[in-house]
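Observations on the model geometry
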Amino acid sequence: THKTGLVFSSDFEGGNLHCVFKCKKTGFYYLFIQNDVNTHGYNIWFHFKIRAAHAGKHQFVIVNMSRPIKFFESICLPTFSSAGQRYERSLSVNCIESGFKSCETEKNYHSMHFEYDFKEGEEVYFSLVPPYSYSKLMNFLAENEHHSSIKVEIACNSELGNTIPALIISHS
């Protein structure tokens with residue numbers, strides 16, 4: 001959506017935005033999240049970024065969330081991070097049943113509506129919870145590999161060939 005000054009992306013580790021449509025009538029951006037791996041249509045989390053060329057407030061609707069409405073309104077407010085700052089939980093959300101159904105499970109999806117007021121040139125990451133990536137885990141383990149109380153062994157490898165570590169903590 002370069003014409004509107006917003007660029008959406010999930011081309012990074014943990015990103016899962018599938019596609020975006022803008023409604024001409026309401027001006028809302030409708031976001032579809034990629035299905036969680038091996039879940040047959042289950043979408044519980046999201047992580048994507050938006051870069052705004054111009055300052056301004058925009059409305060977003062994530063239309064294919066699997067969790068019921070009350071989960072998002074009372075327990076799990078979405079988070080955002082701008083300019084490399086810590087993730088914050090200050091977005092206000094409104095959740096409704098979306099009217100969309102999963103093709104695989106036949107269950108109704110739920111929608112999460114929120115708005116964000118961008119600064120000019122701002123790049124903002126949005127997520128259900130502050131993300132903790134595989135890279136962050138591996139960096140943490142590398143930084144602590146010489147710690148006397150921590151031992152890391154290979155538990156197995158994932159289907160994609162990533163090492164799955166087993167962390168052993170002792171009282172040495």
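Residues numbered from 1 in each chain as written. Predicted model: local features only at pLDDT ≥ 70, side-chain atom pairs only at ≥ 80, totals over all residues. Heavy atoms only, no water.

1. Quick word on the pairing of strand β3 (residues 29-33)
With four of five residues buried, β3 is to be regarded as a mostly interior element. Note: strand β2 (residues 17-22) against β3, five bridges, orientation antiparallel. From the neighbouring strand, Leu17 faces β3, where its bridge partner is Ile33. Here β2 folds back onto β3 in antiparallel fashion, the turn holding six residues, of which Gly27 has a positive phi close to 80 degrees. (Buried < 20%, exposed > 50% of the residue type's maximum accessible area, 1.4 Å probe, protein only. Helix = DSSP H or I, 4+ residues; strand = E, 2+ residues; numbered from the N terminus. Pairing = 2+ DSSP bridges.)

2. Thoughts on the packing of aromatic side chains
What the rule picks out here adds up to 16 aromatic pairs. Taken together, a centroid distance of 6.4 Å and an interplanar angle of 40 degrees make the contact between Phe28 and Tyr30 tilted. The class of Phe28 is partly exposed, set by a relative accessible area of 22%. Pairing Phe46 with Phe48 gives two aromatic rings, centres 5.9 Å apart and planes at 35 degrees, and the pair type is tilted. Of the two residues, Phe46 and Phe48, neither departs from the other in class, the shared state being buried. Among the aromatic residues, those joined into a cluster by ring pairs are Phe8, Tyr29, Phe46, Phe48, Phe60, Phe80, Phe114, Tyr116, Phe118 and Phe126. (Phe/Tyr/Trp six-rings, centres within 6.5 Å; stacked < 30°, edge-to-face > 60°.)

3. Side note on the pattern of salt bridges
Applying the stated criterion across every chain yields a total of three salt bridges. A salt bridge links Glu115 to Lys57, with the shortest nitrogen-to-oxygen separation between them at 3.6 Å. Of this pair, Glu115 sits in strand β8 (residues 108-118) while Lys57 sits in strand β5 (residues 56-65), and the two are 58 residues apart along the sequence. Close ionic contact of Glu153 with Lys151 constitutes a salt bridge, the shortest N to O distance being 3.1 Å. (Salt bridge = Lys/Arg side-chain N within 4 Å of Asp/Glu carboxyl O.)

4. Regarding the environment of Phe118
Of note, Phe118 is situated in strand β8. Between the C-alpha atom of Phe118 and that of Ala53, which follows or precedes it by 65 residues, the distance is 9.0 Å.

5. Structural notes on the layout of surface pockets
By volume, the largest pocket amounts to about 630 Å³. Lining the largest pocket are 22 residues, with Glu13, Gly14, Val37, Trp45 and Tyr134 positioned closest to its centre. Looking at which element gives the most residues to the lining of the largest pocket, the answer is helix α2 (residues 134-143), with three residues. When the residues that make up the lining of the largest pocket are grouped by side-chain class, the tally is twelve nonpolar, seven polar and three charged. (1 Å grid on protein atoms, 1.4 Å probe; cavity = no way out; pocket = protein on both sides within 12 Å on 5 of 7 lines; lining within 4 Å. Points joined across faces, edges and corners; volume = space filled by probe spheres on them. Nonpolar A, V, L, I, M, F, W, Y, C, P; charged D, E, K, R; others polar.)

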